[in-house]
Amino acid sequence: MLAGGQSLLPMLNLRLAEPAHLVDLGPIPDLGFVRRERDRLVVGATARQSAVEHSADVRALVPLLAEAVEHVAHPPIRHRGTVVGSIAHASAVAELPCAALALDARLTLLSTDGVRTVDAEEFFTGPFSTVARSDEIVAQVEFPVAGPGTGQAWSEFSLRRGNFPVAGAAVSLTVADGRIVDVSIAVCGVADRPVRARAAEQVLRGAVADEETVERAAAATTSGLAPRAHGDLAAHILPVSAAPVPGWAYRASVARAQVRRAVTTALTRAGGTR
Amino acid sequence: MTATHEPAAPVGTDVDTDPATLHPITITVNGTEHRLRVEGRRLLVDVLRQDLRLTGTHTGCDQGVCGVCTVRLDGRTVRSCITLAVQADGADVRTIEGVAPDASTLHPIQQAFWEKQGLQCGFCTPGMVLRVQEILEENPTPTRAQVREGISSNLCRCTGYQFIVDAAIEAAAQMAEDGS
């Protein structure tokens with residue numbers, strides 16, 4: 001399946017993928033939408049990353065998505081690449097699958113057999129692997145609209161501007177009466193898929209967010225995660241060892257730092273302009 | 001090497017799946033319309049360079065990293081090495097050959113690259129010029145930092161970028177003066 005082709009075309013050029021058939025979703029009308037449907041923002045299969053990046057609706061309704069998409073590669077890539085395509089590609093280090101997981105996004109899978117919806121939590125099964133069958137397309141992804149008192153943030157560290165991150169963190173939290181009443185945190189770069197940092201969420205949920213609590217949450221980010229082997233496929237941007245990547249211990253420490261930064265920013269935003 | 005895509009399910013006989021099948025496309029390149037028949041797997045950069053003999057667009061990494069294959073597709077910079085020609089069907093394509101107003105006059109951006117020595121080997125230059133053109137269209141008075149951020153999509157192995165930023169700033173000033 002070809003949407004923008006910014007992941008699949010490099011794989012074809014490098015002969016990493018040799019599909020017998022290639023179906024271009026591009027010419028299908030009416031799949032390039034970005035629209036609000038009640039309490040959800042819905043992004044269609046062929047909506048370009050640059051369209052989402054520059055949408056005032058997205059910035060106002062799902063600020064985490066707007067901030068994460070800015071970190072995807074460079075403008076010429078975002079002019080072609082699609083939000084849904086990047087999520088469907090399911091790189092374990094990419095921004096958008098991680099943001100989708102933190103936002104509890106819901107994916108609509110479509111085939112000639114019918115339609116089914118899958119939560120982001122169940123969608124990713126490993127590096128470049130998902131529950132989507134080969135006859136299914138991801139027709140759209142729904143993101144919940146941020147409510148009052150909600151602050152969101154994306155934070156990542158990459159070796160060069162526009163590169164995939166070593167690790168990154170997506171945070172959405174809601175503050176009421178000085179306490180964090182709801183929080184979700186997802187990290188990329190430290191497992192074979194984007195993962196929720198449940199232990200960190202548990203530290204924050206119900207807490208008054210002072211600096212010490214945020215530190216404890218950040219420290220809990222990678223607890224329970226199994227270290228990845230050196231040269232781990234999940235740390236690569238394409239399904240091949242193209243270049244050396246930092247080891248797991250370093251990526252884990254970067255992930256903890258990004259959680260600290262993203263939680264701190266999200267808290268400021270939750271208490272600030274909303 | 002691992003390919004994770006499963007083999008696709010068989011499709012009906014009414015769908016032509018021979019990779020050598022030619023697909024009719026129409027693309028307008030620098031104002032000239034071309035009706036072509038291309039293989040589904042053919043890259044836009046190969047159509048431009050080999051079929052249309054517009055060799056100003058270069059091929060570098062073939063994986064969307066370096067930016068030397070940059071062209072403008074319906075006005076926006078894209079990597080022509082990771083765009084299939086069939087995806088450009090119906091599109092307006094601008095290449096470096098379409099930037100200068102005529103054969104004896106340089107575009108102000110090209111002139112600024114010339115004057116500020118914004119190139120050495122020249123391999124990245126077509127992509128850089130097209131990218132700078134888009135950056136200046138979006139923001140006619142960028143700061144040096146904004147130019148650096150904007151051209152971070154394109155690699156140059158000679159200049160260290162300093163003179164390219166100089167050229168972009170000079171071009172912005174010149175174009176403001178010319179009112180262009």
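If you check an unreviewed UniProt entry, chain B appears there as (2Fe-2S)-binding protein from Pseudonocardia benzenivorans.

Colleague: So, the overall build of chain A: which residues are in play, and what are the values?
Modeller: Counting secondary structure elements, chain A contains 11 helices and 11 strands. The C-alpha atoms of chain A give 18 Å as radius of gyration, which agrees with the globular expectation for 274 residues (19 Å, within 12%). Projected onto its principal axes, the C-alpha coordinates of chain A cover approximately 55 × 45 × 35 Å. For chain A, the residues scored as buried account for 54% of the 274 residues in total. By sequence separation, contacts in chain A at least 24 residues apart represent 63% of the contacts at least 6 residues apart.

Colleague: Hey, could you go over the overall build of chain B for me, with residue numbers and the actual values?
Modeller: In terms of regular secondary structure, chain B is built from five helices and five strands. Each helix and strand of chain B, ordered N terminal to C terminal, gives the series β-β-α-β-β-β-α-α-α-α. Across its three principal directions, the C-alpha atoms of chain B cover 60 × 40 × 25 Å. Residues counted as buried form 39% of the 180 residues belonging to chain B. Excluding contacts between residues fewer than 6 apart, the proportion of contacts in chain B whose partners are at least 24 apart in sequence is 56%.

Colleague: Can you lay out the sheet that holds strand β11 (residues 195-196) of chain A for me, pointing to particular residues and giving the numbers?
Modeller: Residue and element names in this part refer to chain A. The four strands are arranged β8-β9-β10-β11 in an open sheet whose pairing can be described as antiparallel. Two strands close off the open sheet at either side, each with one partner strand: β8 (150-157) and β11. Looking at chain direction, strand β9 (residues 167-176) and strand β10 (residues 179-188) are connected through nine bridges and run antiparallel. Residue S172 lies in a different strand from β10, and its bridge partner there is S184.

Colleague: Residues and numbers for the packing of helix α4 (residues 144-151) of chain B against helix α5 (residues 162-178) of chain B, please.
Modeller: Residue and element names in this part refer to chain B. At a minimum axis distance of 10 Å, the contact between α4 and α5 shows a crossing angle of 115°. Crossing of α4 over α5 shows right-handed handedness. Contacts between α4 and α5 involve R144, V147, R148 and I151 on the former and, on the latter, I164, V165, A168 and I169. Looking at the contact of α4 with α5, its residues break down into six nonpolar, no polar and two charged.

Colleague: Could you give an account of the nonpolar core, naming the residues involved and the relevant values?
Modeller: Residues and elements named next belong to chain A. Counting 139 residues, the largest nonpolar core has L65, A99, A170, V187 and V259 as the members making the most contacts within it. Per element, the largest residue contribution to this core is 10 residues, and it comes from helix α11 (residues 248-271). In this structure, A99 is in contact with L64, L65, A68, W154 and A170, ignoring residues within four places of it in sequence.

Colleague: Tell me about the sheet that holds strand β4 (residues 114-119) of chain A, and name the residues and values.
Modeller: Residue and element names in this part refer to chain A. Across the sheet, which stays open at both edges, the five strands sit in the order β1-β2-β7-β3-β4 with antiparallel pairing between neighbours. Of all the strands in the sheet, just β1 (34-37) and β4 have a single pairing partner and so form its edges. The mean inter-strand angle of the sheet, taken between neighbouring strand axes irrespective of direction, is 25°. In this sheet, β4 lies alongside strand β3 (residues 106-111) in antiparallel orientation, the contact comprising six bridges. Bridge pairing in β4 places R106 opposite D119.

Colleague: For the environment of C98 of chain A, give the residues involved together with the corresponding values.
Modeller: As for its placement among the helices and strands, C98 of chain A is situated in helix α7 (residues 95-102). For the pair C98 of chain A and G247 of chain A, spaced 149 residues apart in sequence, the C-alpha to C-alpha distance is 20 Å.

Colleague: Tell me what's going on with the interface of chain A and chain B, and back it up with residues and numbers.
Modeller: Contacts between chain A and chain B engage 29 residues on the former and 28 residues on the latter. Mapped by element, the contributors of at least two residues to the side of chain A that touches chain B are α1 (8-13) and α5 (75-78) of chain A.

Colleague: Before we move on, can you summarise the domain arrangement of chain A with the specific residues and values?
Modeller: Accessible area lost upon the coming together of the parts serves often as the stated size of an interface. All names here are of chain A. According to the domain assignment, chain A contains domain 1 (8-144) and domain 2 (150-271). Of note, the centres of domain 1 and domain 2, computed from C-alpha atoms alone, are 21 Å apart. Counting residues at the interface gives 28 residues for domain 1, matched by 29 residues for domain 2. At the level of secondary structure, the elements contributing two or more residues to the side of domain 1 that touches domain 2 comprise α1, α4 (63-70), α7 and β5 (124-126). Residue composition of the side of domain 1 that touches domain 2, by class: 20 nonpolar, five polar and three charged.

Colleague: Break down the pairing of strand β2 (residues 40-44) of chain A for me, citing the residues and quoting the values.
Modeller: Residue and element names in this part refer to chain A. Taken together, the four bridges between β1 and β2 define a ladder with antiparallel strand orientation. Of the residues in β2, the one forming a bridge with R35 is V42. In sequence, β1 turns back onto β2 through a hairpin of two residues, with R38 there showing a positive phi of about 50°. Bridging between β2 and strand β7 (residues 137-144) involves five bridges; their strand directions are antiparallel.

Colleague: Break down the domain arrangement of chain B for me, citing the residues and quoting the values.
Modeller: All names here are of chain B. The domains assigned to chain B are domain 1 (22-98) and domain 2 (108-178). One C-alpha centre belongs to domain 1, the other to domain 2, and the line joining them spans 22 Å. Facing 12 residues of domain 1, the contacting portion of domain 2 comprises 11 residues. Sort the elements by how many residues they give to the side of domain 1 that touches domain 2 and strand β3 (residues 70-73) lands first, with three residues. For the side of domain 1 that touches domain 2, the per-class residue count stands at five nonpolar, six polar and one charged.

Rules and cut-offs
Residues numbered from 1 in each chain as written. Chains lettered and ligands numbered in written order. Predicted model: local features only at pLDDT ≥ 70, side-chain atom pairs only at ≥ 80, totals over all residues. Helix = DSSP H or I, 4+ residues; strand = E, 2+ residues; numbered from the N terminus. Rg over C-alpha atoms; globule rule 2.2 N^0.38 Å. Buried ≥ 20, exposed ≤ 12 C-beta atoms within 10 Å, placed from the backbone. Contact = placed C-beta atoms within 7 Å. Pairing = 2+ DSSP bridges. Axes fitted to C-alpha atoms, helices over the stretch in contact; angles between N-to-C directions. Left-handed = near helix turned anticlockwise from the far one by under 90°. Nonpolar A, V, L, I, M, F, W, Y, C, P; charged D, E, K, R; others polar. Core = buried A, V, L, I, M, F, W, Y, C linked by C-beta atoms within 7 Å. Domains from an automatic or database assignment.

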